[in-house]
Amino acid sequence: MGVGETVKISRKFSEKDVEKRSNLTGDANPIFLSREFAREVGFDRQLIPGDLLGTIISNILGTKLPGLGTNWLKQEFRFLNPAYVGDEITGKVEITRIRPEKDLVDLKNTCIRSDGTTVLQGKSLVLVKDLQQS
């Protein structure tokens, strides 16, 4: 594990995924659940909720980089463009700083649609004490 190391993961969120999230959280915002409503308010189709985009980053942090045993301490996300249900989204995490004396790692986060449009930028701070190899 070193500064500049990166990991990418791609996935698509389906309407079913967004419905499951809605059932789990109680968030029934129609901008995520209704193609017609999303169009009425100026989008091509339903949006992927920001917290689902965040799960791509969480997956990388907890399983790949830094890996198993990572404890998420801080997170900042900026949502720059819409991400639509059905789009392939690639999340990327890059190590920007390692503080071994405190077991801390700073990371840069990005999510990009398959057309190259950045939909999310952010940064994470994680604790990597007792990190296991994945």
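Residues numbered from 1 in each chain as written. Predicted model: local features only at pLDDT ≥ 70, side-chain atom pairs only at ≥ 80, totals over all residues. Heavy atoms only, no water.

Some remarks on the side chain of Thr 70
Logical step 1: By the element assignment, Thr 70 lies in the loop between helix 4 (50–63) and strand 2 (71–79).
Logical step 2: When its relative accessible area of 19% is taken as the criterion, Thr 70 is described as buried.
Logical step 3: For Thr 70, the side chain forms a polar contact with the main-chain oxygen of Leu 61, separated by 3.1 Å. (Helix = DSSP H or I, 4+ residues; strand = E, 2+ residues; numbered from the N terminus. Buried < 20%, exposed > 50% of the residue type's maximum accessible area, 1.4 Å probe, protein only. Polar contact = N/O pair within 3.5 Å; in protein donor to acceptor, adjacent residues only side chain to side chain.)

Section: the pairing of strand 3 (residues 88–99)
Residues in a regular strand project their side chains so that they alternate between the two faces of the sheet.
Logical step 1: In this structure, strand 1 (residues 6–12) lies alongside strand 3, joined through seven bridges in antiparallel fashion. By the bridge assignment for strand 3, Thr 6 is matched with Glu 94.
Logical step 2: Linking strand 3 back to strand 4 (residues 104–113) in an antiparallel pair, the connection comprises four residues, with Asp 103 at a positive phi of about 60 degrees. (Pairing = 2+ DSSP bridges.)

What to know about the pairing of strand 4
Logical step 1: For strand 4, the tally of buried residues reaches eight of ten residues, placing the bulk of the element in the interior.
Logical step 2: As defined by bridge partners, strand 3 adjoins strand 4 across ten bridges and the pair is classed as antiparallel. Residue pairing in the sheet places Val 93 in a bridge with Asn 109 of strand 4.
Logical step 3: Bridge count for strand 4 against strand 5 (residues 118–127) is nine bridges, and the pairing is antiparallel. The partner of Cys 111 across the bridge, within strand 5, is Leu 120.

Considering the sheet that holds strand 3
Strand pairs in the sheet, formed through backbone hydrogen bonds, run parallel or antiparallel to each other.
Logical step 1: Here we have five strands laid out as an open sheet, ordered 1-3-4-5-2, and antiparallel in their pairing. The sheet is open, and its two borders are formed by strand 1 and strand 2, each paired with just one other strand. Ignoring which end each strand starts from, the neighbouring axes of this sheet average 20 degrees apart. (Axes fitted to C-alpha atoms, helices over the stretch in contact; angles between N-to-C directions.)

Structural measurements only, silent on function.
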